[in-house]
Structures are given as C-alpha cells and as structure tokens.
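Topology and contacts: notes
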Amino acid sequence: MTGLFERLPEGLFAPLSSPNKSVYWDLLLRMHDLFFGPDAMPPEGDGFLQRSITLEIERFITDTDWTQEGEDEQNTPLNVRANIIYRRLVSSGWLREDRIGVKNYVSMPTTVQKFLEILRQFAEEGPQIIAGKVQLIHNQLEQVLADPARQASGFHEAANQARQLINTLSATTMRVREAIDLLSAQETTAAFVRTFFDNYIGQLYIRDYHELRTENHPLRNRGRIISIALTLRDDLAKRETMVSYYKTTFRCPSMEEAEERFERDVGRFLMFKDIDRHLDRLNASVDQATARAMAYLHYKVRTQDKLDRLLSVSIDRLKDTTGDEVTAMGILSGHLLAETRLPPIQKRSGPMSRSAISKPRMTIEQIAQVRLKKLMKLHREVSPANVTAYLEKCFGPNFKVSSDDMQIGGIHDFCVFVQVMRLALLSRKHTGLGRKTHPMLHALKDYRFDFIEGEVTDSEYLCVPKFQVTRRIAGVNYAS
C-alpha cells in the first residue's frame, strides 16, 4: 500500500507550519480559486506565467495582515517579498515551475491539487444532510440490482458513500462531546451564547437531524439497501458479474483478491444494520449538550450578572480586614448555612419516549365522504372540453340548437347549460377579434352564441332568455 508521504512532496507542510500558516492557507485557497481550481479559467498555452502568479501574491500581501518573519523583511520591497513567497511555494512542492524557452510557466501538480481540495472540504465542511446521501446510495443499488453488468461501476462508489455516511454519524457524536467541553470553558454569558449557536448549532448539527427517525426520511430504505447488498453477494450470476468487474477495473492479479474487494464493499453496506445504535449515541450526546446549555442559560437568567464578581470582591475584602476594624454586614436571622436555606430539590424528568410517526387510517365513512366530495367537485367543473361534449350531444345531426332543445339530465348538464347561457351573454360584448380576449370564447371559436330577443326558455329547472348556438361549418366562417 502506498504511503501518504510517498505521494506528496517532502516539504509540502512547511508553509502550513510557519508563523504565517493561516495566511499561507488563505493564499493557497486564493491561488486555487483564481488559477488552478475547477472554477478558474484554463491557461492559454503551457500554463500561467510566473509574473501573473507573483502579481497576485503582491495583491494578497497588501490585502492581508502578513506577519514579518525576519528582521529585515519589514523594509523589503513588495515585489521581492512576493517572489520570496513564490519560491517557498515552489520549493515546498505546492507549485511547479517549468521553463520553456526564456519564460517560466507555473502549474499546480495534480496530486497536490487533489490533496488541497480534500483539505478544503474538511475545513469548510458544515452540517450534513443525511437524506440526500441515503437516497443516492439506495438509487444506485437499485440500478446495480436491475443491471449488474452495466451498473457495476456504481457499486463501489455507493459503498464508499455508505462508509462516509456511517463515519459522519460517528464523528458527529464525538464533535458533540467536544462541543460540551468548549461550552464549559466559556466565562461570560455572551461568549457562551455565541459559541453555542456558532459552533454547536451552525457547524455541528445535522441539517435533517429531527427527521432521521420519521417515516418520510430516506433512512427508511436501509432495510432495502441491506437486502440488495446481500442479493448481489449471494446470487451466483450477479456475484460473478460483480467480481469480474472488480478484477478488470482494479487490475486484481487473482479472483480471490477481486472477491475480497467485493466482500469489503458489501460489508460497508451491511453497516446500515448498526445505524440505529449510532443514532441512539448521537441522540444521547445531543440531549446531554442541550441540557447543559439550557441549565447554564437558566442559571444566568435567574441570577444577577455581577453576583459572582461581587462575591469574589467581598471575600477579598474580608481577607484584608484586621481584628480592630469593624465590618458592617447585614446578616439575616437564623443560621447562615442551613438546610432550610437551600433551594428545593427539583426532580429531573426522565428521557422523553420517542415513538414512530404513524399514518392515520381513514374509516369507510371518511373514504366515502372524500370520494363524494371529489365527485361533487368534478360534476361542477366546466371546461371548454365539457362545453364541447355537451353541445355536440345536443346538436345531433343538426348544426344549430336553441336553449329549448337543450336537455338537462343532471348536475353536470345543469352547470354546463348555465355556462353556455353566460357565453351567449358575453358574446354581445366580445364580437369579432374581441373573442380572442376571452379565454372561454376563444377556446370555443368553432361555435357562435346568440340571444333571441323577446323570447324566453322556461324549463323544469330554469327560466332564462332564449338563446341558440350555431356550429361553424368547414370552409365557412359561421353557419347561417
């Protein structure tokens, strides 16, 4: 197995161990963003010129508080200091310099660039979202199970993600314990509150922590993930396909080594069996840290801000007094220290019992009411398609129909009939090109709606002014 220092340059950590280690780190990130990172513009030709790099270092020095490491560095010109820093980055292995002709071109080695991205991800990592990772793992395994020959490449990557997920839960538990020590070291209430929200809440919490044990969280698929992994391991045809892929991709000298790699990745998926134990440990650590924080804040709220300081001053004054001096102190009647002066004992409530969220089941009556409401809503909906179907039913073999001939056979026909009457009323105001301004008239442009003056349609359900609807005939604007 290749060691870490066999892949990295020998002096790579020298700038990050100097007095200016924080500034060097910011400089490396800036160089990565502007020149060598995935978001940077690719260089033209053989790389970036040395002068481009040193100019950016000069701008960085003027923008930051760079600590003087040498006695004579304070009076050193800016361009000379930038070249000294540049030479140090080249000699330590962070940058590579190639001389082509009379010009020096600068680049960052691929291994060093990847190592810097890993360090940056570690430094900037915030609260994790467990749901997205579990969903990706589950989806990838489903694809591998459906077609092992084509999707075998995703099995190894999903196994690495599963291992990182379990490590995240385990590491978060330890970070909670570290946060408890950090909170305990704060001396003032303001510092405690700032540390609590910045370090404990903002940087440490899992973003979907409160949804981990719900039915809608992707963690509910952990049983399916384990089942797929066992199927791929125990099914002879699928196992042979996966092992063949591992032997070819990882260039294993024997089938035994390929099977060992495959079994190792299967074991990473089987770690989901212990995820409840990790969640219980995480819950216990979070509850402990939260209880300690709330106890501290509760104490500070109920006591005066300067009480501790005043007690310390009083004790120091009493130590400095002599026997001849009279110390005036207001003392209440009774014993100074007694059981009656102690606050009452507060019984600590036990841990809250957690129960899974259950989906309520509707009764037969409730299901019938829901379906009835849907039918009622559906029968009252009137769309251009509903109007067209109703009119075509009323037309029959004719191309013209009046309101006297329109039959109302139910609630739906009644609602459509009223809508057709409204369209006949609206057609008075929207004539010609005006029909396009009304969505319903524009959708029913194959029909003409007219009122018949002086006549009334008196049906079983309504008494309305009489109107008629004419269907447009192909080749003619409107039927006459």
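Computed from a predicted structure; not experimentally measured.

Moving on: the overall build of the chain. Regarding its fold elements, the chain presents 18 helices and 6 strands. Here the chain, with 480 residues, has 32% of them falling under the buried criterion. By sequence separation, contacts in the chain at least 24 residues apart represent 66% of the contacts at least 6 residues apart. If you sum the accessible surface of the chain, you get close to 31900 Å²; carbon and sulfur atoms cover 53% of it.

Taken N-terminus to C-terminus, the directions of helix 2 (residues 21–36) and helix 4 (residues 78–92) make an angle of 80°; their axes are 13 Å apart at the nearest point. With respect to helix 4, the element helix 2 is oriented roughly perpendicular. Contact with helix 2, carried on its side by Tyr24, Leu27 and Leu28, involves Ile85, Arg88 and Leu89 of helix 4 and no other residues of that element. In terms of residue class, the contact of helix 2 with helix 4 is made up of 5 nonpolar, no polar and 1 charged.

Moving on: the packing of helix 3 (residues 50–63) against helix 4. For any two helices packed against each other, one specifies the inter-axial angle together with the distance between the axes. Packing of helix 3 against helix 4 leaves a shortest axis separation of 9 Å and a crossing angle of 110°. Classified by the interaxial angle, the pair formed by helix 3 and helix 4 is roughly perpendicular. Crossing geometry of helix 3 relative to helix 4 is assigned as right-handed. Of the residues in helix 4, those in contact with Gln50, Ile53, Thr54, Ile57, Glu58, Ile61 and Thr62 of helix 3 are Leu78, Asn79, Arg81, Ala82, Asn83, Ile85, Tyr86 and Arg87. Classifying every residue of the contact of helix 3 with helix 4 by side-chain character gives 7 nonpolar, 5 polar and 3 charged.

Another point: the side chain of Ser402. Turning to its location among the elements, Ser402 is positioned in strand 4 (residues 400–402). What Ser402 contacts, discounting residues up to four positions off in sequence, is Lys466, Phe467 and Gln468.

Put simply, side chains in a regular strand alternate between the two faces of the sheet. Of the strand pairs in this sheet, strand 1 (residues 48–49) and strand 3 (residues 103–107) are connected by 2 bridges, and their pairing is antiparallel. Directly across from Phe48, in strand 3, lies its bridge partner Val106. Here strand 2 (residues 96–100) runs beside strand 3; their pairing, made up of 5 bridges, is antiparallel. Looking at the pairing, Arg99 lines up with Asn104 of strand 3. Connecting strand 2 to the next strand, strand 3, in antiparallel fashion are 2 residues, including Gly101 with a positive phi near 70°.

The subject of this paragraph is the confidence of the model for the chain. On average, residues of the chain carry a pLDDT of 77, and 75% of them reach 70 or more. Across residues 474–480, confidence stays below pLDDT 50; counting only partners more than four residues off in sequence or on other chains, it has 14 contacts.

One open sheet holds the 3 strands; their spatial order is 4-6-5, and the pairing between them is antiparallel. Strand pairing shows two members of the sheet lacking a second neighbour, strand 4 and strand 5 (447–458), which therefore form its edges. The average undirected angle you get between the axes of adjacent strands in this sheet is 15°. Strand direction decides the pairing type here: strand 5 and strand 6 (residues 463–471), joined by 8 bridges, are antiparallel.

What follows covers unusual backbone geometry. Positive phi, close to 55°, is recorded for Arg251, a residue that is not glycine. Summarising the element assignment, Arg251 is placed in the loop between helix 11 (236–249) and helix 12 (255–270). Its relative accessible area of 74% is what places Arg251 among the exposed residues.

A full pass over the atoms with the stated rule returns 12 aromatic pairs. Seen from their ring centres, Tyr246 and Phe250 are 5.3 Å apart, and the 40° between their planes marks the pair as tilted. For Tyr246, a relative accessible area of 1% translates into the label buried. Here Phe451 and Phe467 contribute two aromatic rings whose centre-to-centre distance is 6.3 Å and whose plane-to-plane angle is 75°, an arrangement assigned as edge-to-face. Here Phe451, found in strand 5, pairs with Phe467, found in strand 6; they are 16 residues apart in sequence, far enough to count as distant. Overall, the relative accessible area of 0% leaves Phe467 in the buried class. Here the aromatic cluster, defined as three or more aromatic residues joined through ring pairs, consists of Phe155, Tyr245, Tyr246, Phe250, Phe262 and Phe269. Arg261 extends its terminal NZ or CZ atom over the ring of Phe250, reaching a point 4.6 Å from the ring centre. One Lys or Arg, Arg471, reaches over the ring of Phe395 and ends 4.7 Å from the middle of that ring.

As a further point, take the pattern of salt bridges. Inspection of every chain in the model, using the stated rule, returns 16 salt bridges. In this structure, Asp63 engages Arg30 in a salt bridge whose closest nitrogen and oxygen atoms are separated by 3.5 Å. Of this pair, Asp63 sits in helix 3 while Arg30 is found in helix 2, placing the two residues 33 residues apart along the sequence. A relative accessible area of 24% means that Arg30 is categorised as partly exposed. Put simply, Lys466 and Asp404 hold a salt bridge, and the shortest N to O gap is 3.1 Å. Placement of Lys466 in strand 6 and of Asp404 in the loop between strand 4 and helix 17 (411–426) is noted, with a sequence separation of 62 residues between them. A relative accessible area of 37% places Asp404 in the partly exposed class.

Spatially, 1-3-2 is the arrangement adopted by the 3 strands of the open sheet, whose pairing is antiparallel. Looking at the sheet topology across the chains shown, the edges are occupied by strand 1 and strand 2.

Parameters at a glance
- Numbers given for residues are sequential positions, taken from 1 along each chain in its written order.
- In view of the model being predicted, local features appear only for residues whose pLDDT reaches at least 70, and side-chain atom pairs are presented and counted only at 80 or more, with totals across whole chains, interfaces and linings using the full set of residues.
- Excluded from the side-chain calculation are hydrogens and water; included are all heavy atoms of the structure.
- Helix and strand assignments come from DSSP, with helices taken as H or I runs of at least 4 residues and strands as E runs of at least 2, each series counted from the N terminus.
- Relative accessibility under 20% of the residue-type maximum defines a buried residue, over 50% an exposed one, and the middle range a partly exposed one, all with a 1.4 Å probe and only protein chains included.
- Here, residues are in contact when the closest pair of their heavy atoms is within 4.5 Å.
- Exposure was quantified through the Shrake-Rupley algorithm and a 1.4 Å probe, taking into account, for residues, occlusion by the shown protein chains and nothing else.
- Only the stretch in contact is used when a helix axis is fitted, and all axes are lines through C-alpha atoms; the angle between N-to-C directions ranges over 0 to 180 degrees.
- Note that the term roughly parallel is reserved for angles under 35 degrees, roughly antiparallel for angles over 145, roughly perpendicular for angles of 65 to 115, and oblique for everything else.
- Amino acids are sorted into nonpolar (Ala, Val, Leu, Ile, Met, Phe, Trp, Tyr, Cys and Pro), charged (Asp, Glu, Lys and Arg) and polar (every other residue, Gly among them).
- Less than a right angle of anticlockwise turn of the near helix away from the far helix marks a crossing as left-handed, whereas a clockwise turn marks it as right-handed.
- When DSSP finds two or more bridges between a pair of strands, those strands are recorded as paired.
- Values of pLDDT, the confidence the predictor places in each residue, fall between 0 and 100.
- Between rings of Phe, Tyr and Trp, where Trp is taken as its six-membered ring, a pair exists when centres lie within 6.5 Å; planes separated by under 30 degrees are stacked, by over 60 edge-to-face, and by other angles tilted.
- Two thresholds decide whether a charge sits over a ring: the Lys NZ or Arg CZ must be within 6 Å of the ring centre and within 35 degrees of the ring normal.
- Within this document, salt bridges are pairs made up of a side-chain nitrogen of Lys or Arg and a carboxyl oxygen of Asp or Glu, the two lying within 4 Å of each other.

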